[in-house]
Amino acid sequence: MTASSYSSVYPLDATASGRPTPRILSIAGSDPSGGAGIQADLKSIAAFGGYGMAAITALTAQNTREVSAVHVPPAHFLRQQLEAISADITIDAVKIGMLGDAAVINEVRGWLEEVSPAVVVLDPVMVATSGDRLLRESAEKALRSLLPLAHLITPNLPELAMLLGEPEATDWASALDQGKRLAAEYGNTVLVKGGHLPGSECPDALVNTSGLLSQDVIEVAGPRVATRNSHGTGCSLSSALATVQARTGDWEVSLREVKPWLLGALQASDSLHVGQGNGPVNHFHHFQQASTPGTFAAAMWNEAVPELEAIYGLPFIQGLQSGELPERDFNYYLAQDAIYLNGYSRVLARAGALAPTEEEQLFWAKASQQCLEVESELHRNWLSTREASTATGPVTKSYVDHLLAKSAAGSYAVVLAAILPCYWLYAEVGQQLHTAYVDAGAPADHAYADWLKAYADEDFAAATRKAINFTAVAAVAASGTERTAMMDAFTQSCRYETAFFDAPRLFAQASFTRAQ
Ligand SMILES: Nc1ncnc2c1ncn2[C@@H]1O[C@H](COP(=O)(O)OP(=O)(O)O)[C@@H](O)[C@H]1O
Ligand SMILES: Cc1ncc(COP(=O)(O)O)c(N)n1
């Protein structure tokens, strides 16, 4: 048996939904491969709920491996683009990226002086990740003249060194010192980025020495992701910061919101399969987790698949399927299940108490009652003739404690996420075991025939689909923090499901050791 990439109980698909927004202008170069430049900016702006606009400074021919050509259109045409936008549209923030040459820089400077946008983030792009130049050397002086017009400057370490005319920093402390010197020289805030340093950590820090921040240096830690896919990280970070800053007006809040997103985008970059070189980051990874009930359900399923694989590999499940499972293990499982169901019933009742609609209240109240009925059925029909320990086992205790803790915390969405694996994984395992039993010709002399026949219950599968839907809908209404807590609770419960099926083996082992 294997866990397929799609749930057999619940149909997974996704639909899009819209969101409201600040208006953000990117003044940058085009990367036709979509990972950096205006393409990355527009994705990042959209990822943070902004309305993205783009005035193109230069066209590059590039992919994930190299920049093979750069074409800079006449600078006065850029000015026309900028004026067309500012004549009509209120711009809440501007992000500036690749500028190409001094003529372009001068036009941008002239326009900035005229319009004075409320937020200006300058990413002083000089060299691409691939090592190709994106700013003429002769334009470096002109670029420095733009710095006083920016509120936030986001150089990488080579760019920071060039702007100061110093050698590149090789450790974090000297990078911060350089950031302080640049901030002091131009009177603005500098974001010092750890991307170009070695080591397992990848911190960023906001630096401002004129008292604009709560401290001169606000460091936001983060782990380094082991990936080559860092094409466009600087572009993505700066445009995301411009967008959140336009909404919050606070650089620290903005960085603390953007940094974990960028980390997730780097971690999810492999799934994009774009190019052979330094690939792009996955800008919409967080959206894909929760913008619709379908996407959240799919994200939960992704978490559940490894646990299902583990469950199918357990001697308990394999023994249940073949009929060779020692009866002692099965009895232990049934006795623990009865204890578990009693606790689970209380948590289901709590979900009913927290439910936002009468339909859901009724669903969970009924589920809670049915759970107690199954518990007494277990005692009446399965346990009355068997010998099994009635003490609460360690896995049962931990699993129920985990559920009770989530229900005590009071978030309906989180309680549902904790409850769900018991439905979903049980229904999946039931269906697989039942199918395997039927495929084997439904042998009547199978030791667990009655159990396997009862396992794949269509009413239970229908209830599972409802439970998944309620959870996924609750996720869309939940805050980002609550969704993270949901995913945590869901994953934890999935792990307990696996441990629960493995508990009879561990109990038998421990009894054997004690008897020695
Ligand atoms: N491997 C990585 N793991 C985690 N974060 C990274 C990694 N590489 C870059 N970053 C982050 O990406 C952003 C861009 O950093 P950096 O690579 O220094 O700039 P640039 O893209 O301008 O060269 C920063 O927030 C940095 O911390
Ligand atoms: C048009 C354009 N703008 C900026 C960058 C820098 O991005 P990165 O340094 O992350 O490759 C790029 N490669 N292309």
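Here we summarise the structure given alongside this text.

Rules of the game
Residues numbered from 1 in each chain as written. Chains lettered and ligands numbered in written order. Predicted model: local features only at pLDDT ≥ 70, side-chain atom pairs only at ≥ 80, totals over all residues. Near = placed C-beta within 6 Å. Helix = DSSP H or I, 4+ residues; strand = E, 2+ residues; numbered from the N terminus. Nonpolar A, V, L, I, M, F, W, Y, C, P; charged D, E, K, R; others polar. Core = buried A, V, L, I, M, F, W, Y, C linked by C-beta atoms within 7 Å. Buried ≥ 20, exposed ≤ 12 C-beta atoms within 10 Å, placed from the backbone. Contact = placed C-beta atoms within 7 Å. Axes fitted to C-alpha atoms, helices over the stretch in contact; angles between N-to-C directions. Left-handed = near helix turned anticlockwise from the far one by under 90°. Pairing = 2+ DSSP bridges. Expected span 1.5 Å × (residues − 1). Bend = angle between axes of the 7 residues up to and from the residue. Right-handed = clockwise from strand over helix to strand, strands pointing away.

## Things to note about the site of ligand 1
Surrounding ligand 1, one finds 18 residues, the nearest of these being Asn156, Lys193, Gly195, Thr233 and Gly234. The set of elements that each furnish at least two residues to the shell around ligand 1 consists of α7 (233-248) and α8 (251-267). Across the shell around ligand 1, the residue classes tally to six nonpolar, nine polar and three charged.

## A closer look at the nonpolar core
By size, the foremost hydrophobic cluster in this structure holds 70 residues, and its most contacted members are Val121 and Leu241. For Val121, the residues in contact, after removing those within four places along its chain, are Ala93, Lys95, Ala150, His151, Leu152, Thr154, Ser238, Leu241 and Ala242. Counting 67 residues, the second largest nonpolar core, distinct from the first, contains Leu308, Val395, Ala413 and Ala467.

## Brief notes about the site of ligand 2
In the vicinity of ligand 2 lie 18 residues, with Gly29, Ala36, Gly37, Ala128 and Thr129 positioned nearest. Elements supplying a minimum of two residues to the shell around ligand 2: β1 (23-30) and α7. Classifying every residue of the shell around ligand 2 by side-chain character gives seven nonpolar, 10 polar and one charged.

## Brief notes about the packing of helix α12 (residues 327-354) against helix α18 (residues 480-515)
Helix-helix packing: each pair is described by the crossing angle between the helix axes and the interaxial distance. Between α12 and α18, whose axes approach to 9 Å, the crossing angle comes to 120 degrees. Crossing of α12 over α18 shows right-handed handedness. Contacts between α12 and α18 involve Arg328, Asp329, Tyr332, Tyr333 and Gln336 from the first element and Ala503, Pro504, Arg505, Phe507 and Ala508 from the second. For the contact of α12 with α18, the per-class residue count stands at six nonpolar, one polar and three charged.

## Some remarks on the sheet that holds strand β6 (residues 152-153)
Judged by pairing direction, the sheet is mixed, and its nine strands sit side by side in the order β3-β2-β1-β4-β5-β6-β7-β8-β9 without closing on themselves. Taken across any chain shown, the strands that pair with only one partner, and hence form the sheet edges, are β3 (67-71) and β9 (217-220). Direction of pairing for strand β2 (residues 51-62) relative to β3: antiparallel, over a ladder of four bridges. Bridged to Gln62 within β3 is Val67.

## Thoughts on the environment of Gly179
Within the secondary structure, Gly179 is located in helix α6 (residues 172-186). According to the C-beta neighbour criterion, Gly179 is buried, with 28 such atoms within 10 Å. For the pair Gly179 and Leu157, spaced 22 residues apart in sequence, the C-alpha separation works out to 9.4 Å. Once you skip the residues sitting within four places of it in the chain, Gly179 turns out to touch Leu160, Val190, Val192, Ala205 and Val207.

## Digging into helix α10 (residues 293-312)
The α-helix winds at 3.6 residues per turn, so residues separated by three or four positions along the chain end up facing the same way. In this model α10 runs 28 Å from its N-terminal to its C-terminal C-alpha over 20 residues, within 8% of the 28 Å that 1.5 Å per residue would give. Approximately 30 degrees is the largest bend angle found in α10, and it occurs at Ala304, with the proline Pro306 only one to four residues beyond. Considered for burial, the residues of α10 that qualify are Pro293, Thr295, Phe296, Ala297, Ala299, Met300, Trp301, Ala304, Glu307, Leu308 and Ile311.

## A word on the pairing of β2
Looking at chain direction, β1 and β2 are connected through seven bridges and run parallel. Looking across to β2, one finds that Ile24 is bridged to Gly52. Note on the crossover from β1 through helix α1 (residues 37-47) to β2: the handedness is right-handed. Here β2 folds back onto β3, and the loop between the two strands holds four residues.

## What to know about the pairing of strand β4 (residues 93-96)
With burial as the criterion, each face of β4 is covered, one bearing Ala93 and Lys95 and the other bearing Val94 and Ile96. Where β1 meets β4, four bridges bridge the pair, whose relative direction is parallel. Within the sheet, the bridge partner assigned to Leu25 lies in β4 and is Val94. Pairing between β4 and strand β5 (residues 120-122): three bridges, direction parallel. Within β5, the residue paired with Val94 across the bridge is Val120. Where the polypeptide runs from β4 across helix α3 (residues 102-115) and back to β5, its parallel neighbour, the crossover connection is right-handed.

Read these as geometric descriptors, not functional statements.
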